[in-house]
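# Reading the structure
One letter stands for each residue in the lines below.
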Amino acid sequence: MADQSVVIMGGGMAGLTAAALLSKRGLQVTLLEKEEKTGGYVTGFRRHGFYFDATGAFLAACKPGSEFHAIFRELGIAEDLDFLPIPAIRNIYPGFEIQLDYRNPAAYVDSLAQRFPPAREALAAYSRLTAKLGRQFLAFEKAPLWKKVLLPLLYPTLFRCARHSHGTILQRFFKGNQDIIHALSALPTTLPPSQLSYIFVAVLWAKVLRDGVFYPRGGMVQVTDTLRRVILAHGGKVQTDQEISLIKNRDNRVEAVLSRDGSRHEADWYIGAMNPIRGQALLAESMPLYSKVFDLQRYTVSPSALLFYVALNGEALPADWPYFVSLHTSEDAEMEAEAINRGIYKNGLHLVITTPSLLDPQLAPAGCHAMKILVHAPHASVFAEEFPDKADIDRLQAEIFAIIKEKTGLDAASHSLFTIRATPRTLLERTGNEEGAMYGFDSALGQVGPGRPPLATRLDNLLWIGHYNRPAHGIVGSALSGCFAANIISSK
Ligand SMILES: Cc1cc2nc3c(=O)[nH]c(=O)nc-3n(C[C@H](O)[C@H](O)[C@H](O)COP(=O)(O)OP(=O)(O)OC[C@H]3O[C@@H](n4cnc5c(N)ncnc54)[C@H](O)[C@@H]3O)c2cc1C
């Protein structure tokens, strides 16, 4: 195995994980990243003493016993990363507020039951079903084929619920109680309940809610920088400013990949770790990456984000301000999603304000805070149509900051030392994600679990990984896909 070589295209969470595991296992690894820095979405930057995460705000599955932690253990870096637990998340809706406790499913349900006492029994029943479905799905994924064939018999809950949206289940248990439905939709996803796969929610319960959410001390960049160090320490190569422009394929194999600067890279194995729709277009002999069942054109991609990085004078922070604040301005999760997809913010807005310097004071100068305001946004092309000029985005920024002040008392506009922003276009240009999608493919019905494109492509020595592929989206999902690809190659 040690004389096998692998070229990895893309240095985000997925590509870095695959590269780190394969170089630690002794393969000759070359990772090619188009930007000057690796990390993809999981990166950060410093300005005037403030550190800002470019995108993400939390990690799950960081405790011993989880798959994500197992990757760190194998790489020998479990002790190098310090995961700080994120306390309850403050959710603000029109007319009510709720602090949701993400430490485990019981704490989560209890925080909901305290806010909605008459729904306690329905919540307990919903929670039992969701937990059972999560367990059955995880067991089904690992089951041998003969057990999978007996799906209705061995996994009855999965069989019954596989085609349900989260909305169908919420209506069944909470019969039109909009407030509780909205509160139960406060999960890390951008889809409204009617489109969100219930299996996806159940897996989140089984994985994310299992033992809480965390923030890495020193910022998100610590995770990807640590992976990069592992690759280099084990003789792997990390080449930045290397944009792949052509994948030379012939007779069901990749022969080489070419970078925009003309350099050619050959290996036994190739791993695509970026947007597969773009990857498919880079094939020299044009062909679909997958069979018809996984036609990439039929998948929908998740919405994007508009980000404000605010260097805040600490005096502006209201008392008891928590690390994580989620703010919705619409009473209806479906209307909110429609408004976000069309960029009509007066009809609905969802934003997430995180203040990492509350957890790790080293991230901002004394007396100040590094804050990120993440506004869920339409696809890059729609955003550019709705907000074509800098002046339009300036106006939008002023409106958003005014809403935050009205709903929370935080006057970020008057108390910021400086504000930097990133639009869906920035996300698209930096990472090549389709339309600046936050999560690759949506977690919609038919697009999760076995519905998501597999790692193996139609080319024998090409695997594809990342948040468009299995097992799922997010930082942990992408890392796991990198781990699964490393396992496939190691086992050959
Ligand atoms: C605003 C925002 C907030 C988020 N918050 C969270 C969160 O709190 N928790 C969470 O778990 N997830 C979060 N996510 C999602 C998570 O960040 C992603 O799902 C995950 O990081 C995707 O990793 P990836 O490696 O699949 O893709 P990417 O990070 O997109 O990496 C792809 C890499 O490939 C490179 N590349 C592209 N084209 C080429 C080419 N032609 N040649 C060479 N290299 C190329 C790119 O430059 C990039 O580095 C968030 C995402 C966004 C946008």
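Residues numbered from 1 in each chain as written. Predicted model: local features only at pLDDT ≥ 70, side-chain atom pairs only at ≥ 80, totals over all residues.

## What about the nonpolar core?
A general trend in soluble globular proteins is that nonpolar side chains are found buried together. Core analysis: the largest hydrophobic core is formed by 156 residues, its most contacted members being Ile8, Ala18, Ile199 and Ile271. The dominant element in this core, judged by the number of residues it contributes, is helix α18 (residues 474-491), at nine residues. (Core = buried A, V, L, I, M, F, W, Y, C linked by C-beta atoms within 7 Å. Buried ≥ 20, exposed ≤ 12 C-beta atoms within 10 Å, placed from the backbone. Helix = DSSP H or I, 4+ residues; strand = E, 2+ residues; numbered from the N terminus.)

## Side note on unusual backbone geometry
Following arginine 470, the chain continues into proline 471 via a peptide bond in cis, with omega recorded as 10°. Within the secondary structure, proline 471 sits in the loop between β20 (462-464) and α18. Of note, the phi angle at aspartate 241 is positive, near 55°, even though the residue is not glycine. For aspartate 241, the position within the fold is in the loop between β10 (237-239) and β11 (244-250). Judged by the 13 C-beta atoms lying within 10 Å of it, aspartate 241 is partly exposed. At glutamate 435, a position not held by glycine, the phi torsion is positive, near 55°.

## Remarks on the domain arrangement of the protein
Partitioning the protein into structural domains gives domain 1 (5-52 + 61-82 + 217-299 + 447-491), domain 2 (87-211) and domain 3 (300-431). Computed over C-alpha atoms, the centres of domain 1 and domain 2 are 30 Å apart. If you look at the interface, domain 1 gives six residues, while domain 2 gives eight residues. Of the residues that constitute the side of domain 1 that touches domain 2, the class distribution is three nonpolar, two polar and one charged. (Domains from an automatic or database assignment. Contact = placed C-beta atoms within 7 Å. Nonpolar A, V, L, I, M, F, W, Y, C, P; charged D, E, K, R; others polar.)

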